[in-house]
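Results of the structural survey
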Amino acid sequence: MINLYKFYKDNVKEDEYYYKFYNNIVVTPHQIFQQMSDFFSTDEKEEYEAYEVYDIEEVIDKFKYLCQPDTDISSDVNKRLFYYVCFYLYKNGYTIKEFPKILSRPPSEPSEFTYKEMRRKLVSMGKQESNGIVPYAARRSLIEKLTFEISSTIEIKEDIDMLFIKVSTRNANFESMSKDEKLKEIANLIEYMLYDKISKQYKKLDYNIIVFDYFDDEMIKCFKKQIQCFRHASENALKERENFSDVQKDFLIDYGITIIKVIYQLVSKQS
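Residues numbered from 1 in each chain as written. Predicted model: local features only at pLDDT ≥ 70, side-chain atom pairs only at ≥ 80, totals over all residues. Heavy atoms only, no water.

Turning our attention to the pattern of salt bridges. Taken as a whole and assessed by the stated rule, the structure comprises 13 salt bridges. In this structure, the salt-bridge partner of D10 is K6, at a minimum N-O distance of 2.6 Å. In this pair, D10 and K6 are both assigned in helix 1 (residues 4-11), four residues apart and thus about one turn of the helix distant. (Salt bridge = Lys/Arg side-chain N within 4 Å of Asp/Glu carboxyl O. Helix = DSSP H or I, 4+ residues; strand = E, 2+ residues; numbered from the N terminus.)

Let us look at the nonpolar core. Judged by nonpolar contacts, the single largest core of 42 residues is most densely connected at L4, Y8, F63, F82, L89 and L103. Mapped onto this core, the elements with two or more residues apiece are helix 1, helix 4 (56-67), helix 5 (76-91), strand 3 (94-96), helix 6 (111-124) and helix 7 (136-144). Take this core: its biggest share by element is ten residues, from helix 5. Among residues more than four places away in sequence, those in contact with F63 are F82, V85, C86, L89, I96, L103, F113, L146 and F148. In this structure, M177, A187, M193 and F230 belong to the second largest nonpolar core, which totals 35 residues. (Core = buried A, V, L, I, M, F, W, Y, C linked by side-chain atoms within 4.5 Å. Buried < 20%, exposed > 50% of the residue type's maximum accessible area, 1.4 Å probe, protein only. Contact = heavy atoms within 4.5 Å.)

This brings us to unusual backbone geometry. Residue K200 is not a glycine yet carries a positive backbone phi of 55 degrees. Counting through the fold element by element, K200 comes out in the loop between strand 5 (195-196) and strand 6 (201-202). For K200, a relative accessible area of 63% translates into the label exposed. The backbone of F212 shows a phi angle near 60 degrees, a positive value even though the residue is not glycine. Taking relative accessible area as the criterion, F212 reaches 58% and is therefore assigned exposed.

What follows is the structure, given as structure tokens:
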């Protein structure tokens with residue numbers, strides 16, 4: 001069994017985005033039991049059981065429930081549950097294809113997503129009626145068809161995510177990118193972090209301090225060369241991308257993030 005409340009409380013870190021919700025959604029077990037009494041059965045033996053789920057499928061079901069048009073997302077109970085569910089999915093590497101940013105950076109009010117953002121999506125899909133109303137049936141259909149995907153399994157901290165936003169041509173955060181775009185921006189960020197514009201040379205770092213001899217300058221060069229095709233849109237580059245399977249792309253993304261995290265730590269020490 002998974003306790004979503006406990007998972008959030010035990011795993012959220014002060015330097016990450018989700019911590020901004022901490023004071024509003026971490027409550028005492030007694031408060032949880034009192035406020036969840038009309039949502040869950042009252043014969044729970046333990047207060048923590050109010051937020052227990054069996055597996056990832058049940059977590060996804062709860063997310064879909066919270067997005068339903070007849071769910072009162074403004075209640076304290078459902079607000080907390082929304083952030084616990086989003087946090088759990090995010091920490092386990094999930095993204096939602098139709099809304100790639102929602103799990104990494106949920107809004108301050110859940111209704112900004114469950115009502116406003118979903119409505120905008122449906123309007124863009126032509127689901128708005130002539131009177132301006134978006135039918136509940138269209139929203140339920142969208143929720144049911146949401147695509148939950150496993151993204152990169154290597155977590156990145158907010159300071160590195162801000163660097164991705166800086167080098168991105170569209171100011172995008174990492175989790176909102178497609179796999180091809182992630183590989184493109186990984187290559188760009190490695191270049192950005194290692195190239196010294198003043199000396200016009202690449203920085204020499206002692207990688208052994210952190211990773212022993214598992215990679216060095218030459219291996220990073222080979223890695224950059226391998227993913228170079230994702231930085232260009234030429235016909236040859238596009239054909240070269242087709243040689244990579246999704247599994248290989250996932251590996252390269254994780255490997256690239258590991259390289260970036262090491263470079264970031266070493267460059268920070270030199271600053």
